[in-house]
Amino acid sequence: MRTVGIIAEYNPFHTGHAHHLELAKKRTGADFTLVVMSPDFVQRGEPAVFNKYTRTKMALLGGADVVLELPLRYAAGSAEYFAEGAVSLLDGLGVIDTLCFGGESDDLECFLQTARTLLEEPPQYAQTLQELLKKGATFPKARSEALCTYLSKNYHLFLASPNNILGIEYCRALLRRRSVITPVPVKREGNCYHSSELDGLYCSATALRRQIADEKKHIDMRGSSNSNALANMLHYIPESCHFLFIRACKAACFPEAFLPYLDLKLLAQDTFAHILDITPDLSDRILNRRTECIGKSWEEILSLLKTKQITQARIRRALLHLILDIRQDTVERPADQPMIPYAKLLGFRTTAAPLLHEIKQNSSFPLISKNANAGKLLSETSLQMWNQDITASHFYRSVISRTYHTEFQTEYEMSPVVL
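Residues numbered from 1 in each chain as written. Predicted model: local features only at pLDDT ≥ 70, side-chain atom pairs only at ≥ 80, totals over all residues. Heavy atoms only, no water.

(A) Broad picture of the overall build of the chain. Of the regular secondary structure elements, the chain holds 20 helices and ten strands. In summary, the chain has a C-alpha radius of gyration of 21 Å against a globular reference of 22 Å for 419 residues, a match within 12%. Each of the three principal axes of the chain carries a C-alpha extent, and together these read 55 × 50 × 50 Å. Taking all 419 residues of the chain together, 54% fall into the buried category. Looking at the chain alone, contacts between residues at least 24 apart form 73% of all its contacts between residues at least 6 apart. When the accessible surface of the chain is totalled, it reaches about 18800 Å², and 50% of it is carbon and sulfur. (Helix = DSSP H or I, 4+ residues; strand = E, 2+ residues; numbered from the N terminus. Rg over C-alpha atoms; globule rule 2.2 N^0.38 Å. Buried < 20%, exposed > 50% of the residue type's maximum accessible area, 1.4 Å probe, protein only. Contact = heavy atoms within 4.5 Å. Areas by Shrake-Rupley, 256 points an atom, 1.4 Å probe, with all protein chains shown as cover.)

(B) The arrangement of the pairing of strand S1 (residues 3-8) in detail. Counting buried positions along S1 yields six of six residues, so the element is predominantly enclosed. Covered by surrounding structure in S1 are Thr 3, Gly 5 and Ile 7 together with Val 4, Ile 6 and Ala 8, the residues of both alternating faces. As paired strands, S1 and strand S2 (residues 32-37) are joined by six bridges and run parallel to one another. Pairing of Thr 3 across the sheet is with Phe 32, part of S2. Of the crossover connections in this fold, the one passing from S1 over helix H1 (residues 15-28) to the parallel S2 is right-handed. Note that S1 and strand S6 (residues 98-103) share two bridges and pair parallel. Of the residues in S6, the one forming a bridge with Gly 5 is Leu 99. (Pairing = 2+ DSSP bridges. Right-handed = clockwise from strand over helix to strand, strands pointing away.)

Dropping the structure here:
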């Protein structure tokens, strides 16, 4: 039995994702596809547009066999931290043969060569990186320039893609763990990651989120939906998921819904340096400009806090960590503790029962299908991570409930999606 692993956010799930799931099985000869998916908050430092159970069901309808949840601290972390957590989860299951990821390139050697450079940090690369940082370049820009100097100028285009960056980090995590999982890059088809246009063979998730946001504004202002806009979006959603997508759009989630909670955090503290991803310099900047942030939109706040040395992506994650109270000391772990102490089951197809059985037999950590069982299966340290995940999901759903006047359900009332 062969199983291919996929790391995803599906924010939201679309035809490009369904194509990737199909292609992953064909390229690897896998019998099953297992997805590690972000929970209700994602790596770009924002809430997911649809809740994790809706995205899980769409993924299962679109071709996935099993969906597991990536713990929050990794899901909302930097690309390196995100990849390290997700790869650790896949590796610890003991059943994954290949990791298939999308990128703007399918040249495996490019991914591996870059990953080895980052892992080994040759002196020439390290020296160039430090020189660029001293000149004031942001870390992502400095790292990209140093890699191009060390490897080849031709790497500029390769390193310009967020999907390629994640692929490099997946390979680095696999190399660091000496994992037996084989990486398999698949070249992305359709529009690029940043494209905001609903056109081409496959659109980007960015374009869909923007269209959903525009449609929400239209409904709020006019009281009715735009049938043409909905039809345009549905063109890029698998037909089996249309009903879910239409329903989910009525309760879509965006960062603006969390701004009152950010205001409270900004006004209630005199330092933010204890929050994950907030350096003393960034803490001082937030403190000095916090009153200017009150009443501003999410994008305006990001612009207010951005500097030449700090990217908007870093600021988004930092503010999300502040809203969720993810502190540096809560994510630190003893050296003898694993990165991933459990696998939470979000959903599965009944035909994947053999895979679930294999996971239970081979995994280095418990597979949790019933939330109420966590207290019996996890250590005190592991429960801290678990409770952090549960609290964040409750917070997300409470904001949805408050915004759309819907019934609130706790995680302990939810069960894995079964198809």
